[in-house]
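Observations on the three-dimensional arrangement
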Amino acid sequence: MNLPRAEGLAQPARAARRALAALGAAVVLVVVSAGCIGENGEDGFRSPVAVSIGDDTWRVSFDASLVTLRLVRGGDTLLELGADALALGTVDRLDDQLNYDPYWLGSPLYDPQGLAWVTPASATITASEGIRSFTAELTYSDATAARLTVTASASGRFAAKLVPHATSRPIAFMRLAPRVDSTEAFYGLGEHYDTVNQRGKVRAMQLEPSLRFESQYNEAHVPIPFVIGTRGWGLFVEDRHPGSFDVAAKADDRIEATFGTAADSPNGLTFHLFAAAHPLDVTKHYYDVTGYPRLPAPWALGPWLWRDENRDQAEVENDANTLRDLDIATSAIWIDRPYATGVNTFDFSAPQFRDPTAMIGTLHTLGFRTALWHTPYLDEEDPSTAELRSYATSHGFYPPRTGLLFNGWGRPIDLTNPDAYAWWQRLIRRYTDAGIEGFKLDYGEDVVPGALGIRDKWNFADGSDERTMHAAFQLTYHQVYAETLPASGGFLLCRHSTYGDQTNVSVIWPGDLDATFARQGEPATDRDGERYSSVGGLPASMVAGLTLGPSGFPFYGSDTGGYRHSPPDKELFTRWFEQTSLSSVMQVGTSTNDVAWEPTPENGFDDEMLGWYRIYTRLHLRLFAYEWTLAQRIAVDGRPIQRPIGLAYPELGSHRADEYLFGEDLLVAPVLERGARERSVLFPPGTWLDWWTSAASPGEREATVEAPLGTLPLWIRTGAIVPLLRPTIDTLSPTTEPARVDSYATTPGVLYPRVAPPESASAGASEITLFDGTRLGQSLAGSSLELTVEPGSEFRHGVVFEVLGVGPRAAGVTESGSALARHASLGELEAAGSGWFADTADRGSLWIKVPAGSHTASAALD
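Residues numbered from 1 in each chain as written. Predicted model: local features only at pLDDT ≥ 70, side-chain atom pairs only at ≥ 80, totals over all residues. Heavy atoms only, no water.

Our next topic: the side chain of S541. By the element assignment, S541 lies in helix α8 (residues 538-548). When neighbours within four sequence positions are excluded, S541 is seen to be in contact with L513, Y556, S558 and W576. (Helix = DSSP H or I, 4+ residues; strand = E, 2+ residues; numbered from the N terminus. Contact = heavy atoms within 4.5 Å.)

Counting buried residues along strand β13 (residues 186-190), five of its five residues qualify, which places the element largely inside the surrounding structure. Bridge count for β13 against strand β15 (residues 223-229) is four bridges, and the pairing is antiparallel. Counterpart to F186 in the pairing with β15 is G229. (Buried < 20%, exposed > 50% of the residue type's maximum accessible area, 1.4 Å probe, protein only. Pairing = 2+ DSSP bridges.)

Take the nonpolar core next. If you look at the biggest cluster of nonpolar residues, it comprises 195 residues, and the most contacted ones within it are W424, F439, L582, L666 and I848. For this core, the element with the highest residue contribution is helix α7 (residues 466-482), accounting for eight residues. Those residues in contact with L582 that sit more than four places away from it in its chain are L619, L623, Q642, Y660, F662, L666, V668, L712 and L714. Counting residues in each nonpolar core, the second largest holds 51 residues, with W58, F245, A248 and A275 among its members. (Core = buried A, V, L, I, M, F, W, Y, C linked by side-chain atoms within 4.5 Å.)

Under the counting rule described, the total for this entry stands at 54 salt bridges. Between E315 and R307 there is a salt bridge, with the nearest N and O atoms lying 3.8 Å from each other. Taken as a pair, E315 and R307 share a single burial class, namely buried. Across the salt bridge formed by R643 and E664, the nearest N and O atoms sit 3.3 Å from each other. In this pair, R643 is assigned in strand β32 (residues 642-644) and E664 in the loop between β33 (660-662) and β34 (666-668), connecting sequence segments 21 residues apart. Residue classification places E664 among the partly exposed positions, given a relative accessible area of 24%. (Salt bridge = Lys/Arg side-chain N within 4 Å of Asp/Glu carboxyl O.)

Below, the discussion takes up the environment of R656. Structurally, R656 is set in the loop between α12 (645-648) and β33. Its relative accessible area of 17% is what places R656 among the buried residues. Between the alpha carbons of R656 and Y377 there is a distance of 40 Å; along the sequence they are 279 residues apart. For R656, the residues in contact, after removing those within four places along its chain, are V196, I645, R679, S680, V681, L682 and E702. Within the local environment of R656, its side chain forms a polar contact with the side chain of D658, the two groups lying 3.0 Å apart. Here the side chain of R656 touches E659 through a polar contact of 3.3 Å, side chain to side chain. (Polar contact = N/O pair within 3.5 Å; in protein donor to acceptor, adjacent residues only side chain to side chain.)

Turning our attention to helix α11 (residues 624-637). Taking 1.5 Å per residue as the helical rise, α11 with its 14 residues ought to reach 20 Å, and the 19 Å between its terminal C-alpha atoms agrees with that figure. Within α11, 10 of the 14 residues are buried, which leaves the element mostly enclosed by the surrounding structure. Among the residues of α11, F624, A625, Y626, E627, W628, T629, L630, A631, I634 and D637 are the ones counted as buried. Positive backbone phi, at 70°, marks G638, one or two positions downstream of α11. (Expected span 1.5 Å × (residues − 1).)

Along the chain, V343 connects to N344 via a cis peptide bond; the corresponding omega equals -5°. Its place among the elements puts N344 in the loop between β21 (332-335) and α4 (356-365). Between S566 and the following residue, P567, the backbone shows a cis peptide bond with an omega angle of 10°. Assignment of secondary structure puts P567 in the loop between β30 (559-560) and α9 (570-580). One non-glycine residue, L189, adopts positive backbone phi at about 70°. Relative to the helices and strands, L189 resides in strand β13. A relative accessible area of 0% means that L189 is categorised as buried.

Turning next to the sheet that holds strand β17 (residues 243-247). Spatially, β7-β6-β12-β18-β17-β14 is the arrangement adopted by the six strands of the open sheet, whose pairing is antiparallel. Unpaired on one side and paired on the other, β7 (116-118) and β14 (201-204) mark the two borders of the sheet. Averaged over all neighbouring strand pairs, the angle between strand axes comes to 20°, with direction disregarded. Where strand β6 (residues 86-90) meets β7, three bridges bridge the pair, whose relative direction is antiparallel. When the sheet's bridge partners are listed, L88 is paired in β7 with V118. (Axes fitted to C-alpha atoms, helices over the stretch in contact; angles between N-to-C directions.)

What follows is the structure in structure tokens.
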């Protein structure tokens, strides 16, 4: 079903419509100063029938006669909230033992006593501030009254609040049920593992028990009450009570967002409506409301390595030296537990780590930053934490009331208590003062609303309880660590999060996924022959990253290789690191401590795989100039780094979860099935050049491509320029051994832009401005390809352009009218100050080097 067009500022009153129809006329009544229409043609303030706020492009209109709110673009209605869309769920009485979790509504195990849904029967517009805001009084069918206020916050962004203020029965639930286009797709709602398109799904906004997966819960680690429609709109419900989104599951033209507000219902339900020219741009509105993401430190975008258990300091230092000896690009190492005397004693276990200061110094020398695993607990069974626990207990640093615990150590610290917060942060600084620059924050998922409608009661020092702290606990948990990190950003890798927490969290990891090719929910068999239902392996990991980006978390890194049911074998590990090399964060580790250079009978790793691993870790690191440019743009356009193809190109009508765009110019189609050596790829509009062979593939079609093990299907858009760091780069972190370790921190060095030339001069010029202000451009005029560079603040050491596919056609290169020297090899060119080299093999590249400064080079192509 298509939504109606909205003509003029608002729909006229029913009587006016009937009269105009009888006359065969079409008249739009507009009172510009008030932004509203009067029922009898009056000035609109005494008894307005309709009102419209916003601007000429995006607006919200409200028709009181129909009790209908519309989000409108031009003349098109993007979504519509009719009278039945502003529903209240009333009950005989509120039971303090119930959590009013709407996810279980309809279950035979959960039936709140006397639940009845009421909707507005009439509405009166009571206030209007021109085109900026309005207020309407809603009268419900049971005489309940509520006040709806809507404000135009900015172009395409509207804040609304529905507040019940006179009720005949207690309100347990509040529901928004907008009518939407029956054919569009839906993105967002946080981290999910099964599909990128949420149409047809019912998503809980909290952890729930579930027998569908081996973990026995629904894996909702990062639920975000924010949905994006591919027609260019968004709905964000700013509420932390238990919630549920029915995304066109009951009806193909309806979304139901239901929240169990219960005793807090008098405070109302706040929601936001967003509109943008492209669905990728909707997330920026969300950031404007909830805060922009905390960027990781630049060095945190280099590959990371970790083991689930480090034997001792010698193993950590040996891993660091081995990475350098084997020429494997890596910027950081984190140390997972156990490393401290106990959980959490804020020290290093002396027998295991004899000199942690020296160890951190060794890592810094070799060009690694260092992070630690951590949690918000003190192990209540470990004598080593006794002194800290005694202090916490005597000072009231635990929650006044705790519910069930889902960890192996004990109660979490109550960080809503300012004194507990300050104390915990002082303890954290023992590590950061010693040179630790990041944390992997695990667990912290004990606070849940309950199960099957029954509360799991918690109380906290600030007066809150589990009904909102199931989400809000993460805010203080993550903030207390984030504030200890360097001003340059540091690294905070978190498992569980909520809306607004992106201002604390720099990276999400998906928790403990399977070391398999299984999709979420797929039946599987472990090595001992035991059957289980998979939480998901490599395919689920990729989907998680693609769902998080539009939902407000643009940085994501899964455990490359998987965690449950480790170890991965050679094929799985290879396909996984192929994919994570084109993830926003590449972190590598498994539950069985697998590293690429240590083959075992179980993992089957070998030298061939190690060679592939070297290629892909360095590719990820070399892409830093491109990715960090995308990261800096988030504050401008809000677009995710990893982009589902259906969100980037909704006009294709395909919402597949097995390929994506990395920025605008790279198409990534990882292999996600065991044994596959080819796969189907949907190419977006344009022409795409194979990253490895420069073979061209036309867009807007589906094709089968070869994908041998060790080769990631990857393409660059024609007309694009993708900046790369030099091929020898080892790390983004500082080093004191520059002769051994090639670090970006020592020098950004020569920039290596990879250029996919336009197919014809009619394609026009293209340009990219990097994060440091460096400008790179290309244009084709006849048979001459012109390349330009204007250096920025960091890339000031010259450029080596690689132009794909034109090597055999290169006849000469000039710079400022002077011919550049032709060199016999790429190595000879790199050693020279300037010049060019052409690989004359089929589809070979043309390399052009120019020194520091601004330059324009022209390549003559036969």
